[in-house]
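# Descriptive structure summary
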Amino acid sequence: MTQTITADIQTAKQQELLETAKQFLAGGGLGHFRLPDEVDIVLASASGSHMTDTTGREYIDYVLGSGPMLIGHANPTVIGAAAAQIPKGTTYFLLNEPAIRLAKRLVENVPCGEQVRFQTTGTEATHVALRGARAYTGRGKILKFEGGWHGMHDYSLWGTVPSVPSDYPRSLPDSRGIPASVGKEVLVAPFNETERAVKIIEDNASDLAAVIVEPLERVLVPEPGFLEAIREVTARHGIVLVFDEVVTGFRIAWGGAQERYGVVPDIATYGKAMAGGFPLAAVVGRADIMQVFNAQGVSSITDIAWASGTFNGNPVAASAGLAALDILEQPESYQRLHSVGSRLRAGIAEAGRRHGFPAQALGEDAVFGIRFIESDNVKTWMDLQAHDTVLGRRWAIECIKRGLLMIPNEKIYISIAHTDEDVDRTLQICDDAFRACAS
């Protein structure tokens, strides 16, 4: 009886918090990604691969903070490194040892790395990378790929979520509040359509400062030769090639997408997994390009590309980042990610087919998405539009009800903290969710 009363009180508390969120948070959440109302929760704590809400209910977590928790929540080594720094000061604005050591670590292990400029978020990193490319080349336009996600700044939010093909190389803005004039500076090409993308780049080469690409675009793996062709045409025309590795960096391989796919850009942006769950991002690239950010010795501050921020190189986040990379550098870390991810991908897709659904686990083992598409040749963002989002939402809700934490129709992130028992339980829940959807 006491347990029932306690559960009722906890449930009432969570409902109160959800109502308070709706009243005081715009949209009732922390962004436009949130759980459906029927399964919305307020999280209270996390450890390893599990999250607990304010009712005390536990979930196996496949959101992982939208990717940063690659080594799991509340890792004691990372928490210990951050805790050791906090009594020494939480932010300095000026040079500090953890930031210097982390910059050196990045340069030593990122294939394109020669110098680093820290930022706080992935949005800032991609924004600054594009500004640096414009300063370096003296050109004004940038090109991105349809469906590519590069954060929340005005140059990135074009052709990110179209339901019909863009009018290449033009596209529509994804958000209200973006000036139409920005669209004149942003070109869009189709991802994985090599000949078409190369032609768009060549036709606009004299105006292009940068081509930015997610090497793994959402859940789309690059076709053989696609990234290589983009690398060749940008190098030939003196265009800065930017890899957005905010998601893939230190996740799909120790050397990220550059190692996984064997193509090295001029600049890469990092975030998420790099700092073990603390807010930190970085632009890493060729020294000659990175010099556009160097204010030392210039006659006027307006002679450089500005890339400064109050929390850049924060010593607590940098300390956490060093500890996280120590863990990820161990060979068994990536063996674990691939073992867990490959088993989940195969098992979930097989369960879907067994219940009559065209489920596909698209992406890489360490980050993938379940999409309900009949075609087995999904290459482009437009191909992804065949996904049954209504079924995807319904299936995800059934999974959440049974104890899996995921955002419907979004990515499933894997951590090295996920256990074999987590996988067993996950596959059972996914099967039960498919059964519920089929009934």
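Let me sum up the structure you'll find in this document. Quick caveat, the model's predicted, so the values are computed rather than measured.

### Focus on the sheet that holds strand β12 (residues 367–372)
Through backbone hydrogen bonds, the strands of a sheet pair up, either in parallel or in antiparallel fashion. As summarised here, the arrangement of the three strands in space is β11-β12-β14, forming an open sheet in which the pairing is antiparallel. The sheet is open, and its two edges are formed by β11 (359–364) and β14 (412–413), each paired on a single side. Pairing analysis gives six bridges linking β11 to β12, with the strands arranged antiparallel. Each residue of the ladder has a partner; that of Glu364, found in β12, is Val367.

### Here's the deal with the packing of helix α2 (residues 76–85) against helix α9 (residues 315–328)
Any two packed helices are characterised by the angle at which their axes cross and by the distance between the axes. For the pair α2 and α9, the least separation of the axes is 8 Å and the interaxial angle reads 150°. What the angle tells us is that α2 and α9 run roughly antiparallel. Relative to α9, the crossing made by α2 is right-handed. Facing Thr77, Val78, Ala81, Ala82 and Gln85 of α2, the residues of α9 in contact are Pro315, Val316, Ser319, Ala320, Ala323, Ala324 and Ile327. Looking at side-chain class alone, the contact of α2 with α9 contains nine nonpolar, three polar and no charged residues.

### What to know about the pairing of strand β1 (residues 43–47)
One face of the sheet, then the other: side chains in a regular strand alternate in exactly this way. Direction of pairing for β1 relative to strand β2 (residues 50–53): antiparallel, over a ladder of four bridges. Among the inter-strand pairings, Ser45 is bridged to a residue of β2, identified as Thr52.

### Focus: the side chain of His150
Positionally, His150 belongs in the loop between β5 (141–145) and β6 (186–189). A polar atom in the side chain of His150 sits 2.8 Å from the side chain of Asp244.

### Some remarks on the environment of Gly277
In this structure, Gly277 sits in the loop between β9 (267–270) and β10 (281–285). Using a relative accessible area of 36% as the deciding quantity, one classes Gly277 as partly exposed. In contact with Gly277, other than residues within four places in its own chain, are Pro68, Met69 and Lys272.

### A word on the packing of aromatic side chains
Per the counting criterion, the structure on display carries eleven aromatic pairs. With a centroid separation of 4.9 Å and an interplanar angle of 65°, the aromatic rings of Phe191 and Phe226 are classed as edge-to-face. On the criterion of sequence distance, the pair formed by Phe191 in the loop between β6 and α5 (194–203) and Phe226 in helix α6 (residues 226–236) is long-range, its members being 35 residues apart. Take Phe191: its relative accessible area is 1%, and that puts it in the buried class. Between Phe250 and Tyr270 the ring centres are 5.8 Å apart and the planes differ by 50°, which places this aromatic pair in the tilted class. Of this pair, Phe250 sits in the loop between β8 (240–244) and α7 (256–261) while Tyr270 sits in strand β9, placing them 20 residues apart in sequence. Taking the relative accessible area as the measure of exposure, Tyr270 reaches 1% and is therefore buried. An aromatic cluster is defined as three or more aromatic residues linked by ring pairs; in this entry it consists of Phe357, Phe372, Trp395 and Phe434. The ring of Tyr155 is capped by Arg134, whose NZ or CZ atom sits 4.6 Å from the centre of that ring.

### A closer look at the pattern of salt bridges
Opposite charge on two side chains makes pairing possible when the charged atoms of those side chains draw close. All chains considered together, the criterion is met by 26 salt bridges. Where Glu329 meets Arg105, a salt bridge forms, and the shortest distance between an N and an O atom there is 2.7 Å. Taken together, the residues Glu329 in the loop between α9 and α10 (331–354) and Arg105 in helix α3 (residues 97–109) connect sequence positions 224 residues apart. On the accessibility criterion, Arg105 (12% relative accessible area) is buried. A salt bridge links Lys401 to Glu398; its shortest N-O distance comes to 3.8 Å. One end of the pair, Lys401, and the other, Glu398, are both in helix α12 (residues 389–401), three residues apart, so they sit about a helical turn from each other. On the basis of relative accessible area, Lys401 is assigned to the partly exposed category, the value being 42%. Residues joined in a network through salt bridges with shared partners are Glu350, Arg354, Asp431, Asp432 and Arg435.

### What about the packing of α5 against α6?
Look at α5 against α6: their axes get within 10 Å of each other, and the N-to-C directions meet at 15°. Relative to α6, the element α5 lies roughly parallel. The handedness of the crossing between α5 and α6 comes out as right-handed. Here α5 contributes Thr194, Ala197, Val198, Ile201 and Glu202 to the contact with α6, which in turn contributes Phe226, Ala229, Ile230, Val233 and Arg236. Its residues assigned to classes, the contact of α5 with α6 shows seven nonpolar, one polar and two charged.

### Topic: the pairing of strand β3 (residues 58–61)
Both β2 and β3 contribute to a ladder of three bridges, which runs antiparallel. Looking across to β3, one finds that Met51 is bridged to Tyr59. Between β2 and β3, which pair antiparallel in sequence order, lie four residues; one of them, Gly56, sits at a positive phi of approximately 95°. Where β3 and strand β13 (residues 404–405) come together, two bridges link them in parallel fashion. Bridge pairing links Asp61 to Leu405 in β13.

### Quick word on the nonpolar core
With 109 residues, the main nonpolar core has Phe145, Phe250 and Trp395 as its most contacted residues. At nine residues, the largest contribution of residues to this core is made by α9. Among the nonpolar cores identified, the runner-up in size contains 25 residues, and Leu130, Ala133, Ala210 and Val240 belong to it.

### Section: the environment of Val283
Assignment of secondary structure puts Val283 in strand β10. Val283 sits in the buried class, given a relative accessible area of 0%. As a C-alpha pair, Val283 and Tyr270 span 13 residues in sequence and 6.4 Å in three-dimensional space. In contact with Val283, other than residues within four places in its own chain, are Gln115, Val116, Arg117, Gln119, Ala125, Val128, Ala129, Ile267, Ala268, Thr269 and Met290.

Reading the values: the criteria
- Residues numbered from 1 in each chain as written.
- Predicted model: local features only at pLDDT ≥ 70, side-chain atom pairs only at ≥ 80, totals over all residues.
- Heavy atoms only, no water.
- Pairing = 2+ DSSP bridges.
- Helix = DSSP H or I, 4+ residues; strand = E, 2+ residues; numbered from the N terminus.
- Axes fitted to C-alpha atoms, helices over the stretch in contact; angles between N-to-C directions.
- Parallel < 35°, antiparallel > 145°, perpendicular 65-115°, else oblique.
- Left-handed = near helix turned anticlockwise from the far one by under 90°.
- Contact = heavy atoms within 4.5 Å.
- Nonpolar A, V, L, I, M, F, W, Y, C, P; charged D, E, K, R; others polar.
- Polar contact = N/O pair within 3.5 Å; in protein donor to acceptor, adjacent residues only side chain to side chain.
- Buried < 20%, exposed > 50% of the residue type's maximum accessible area, 1.4 Å probe, protein only.
- Phe/Tyr/Trp six-rings, centres within 6.5 Å; stacked < 30°, edge-to-face > 60°.
- Lys NZ or Arg CZ within 6 Å of the ring centre and 35° of its normal.
- Salt bridge = Lys/Arg side-chain N within 4 Å of Asp/Glu carboxyl O.
- Core = buried A, V, L, I, M, F, W, Y, C linked by side-chain atoms within 4.5 Å.

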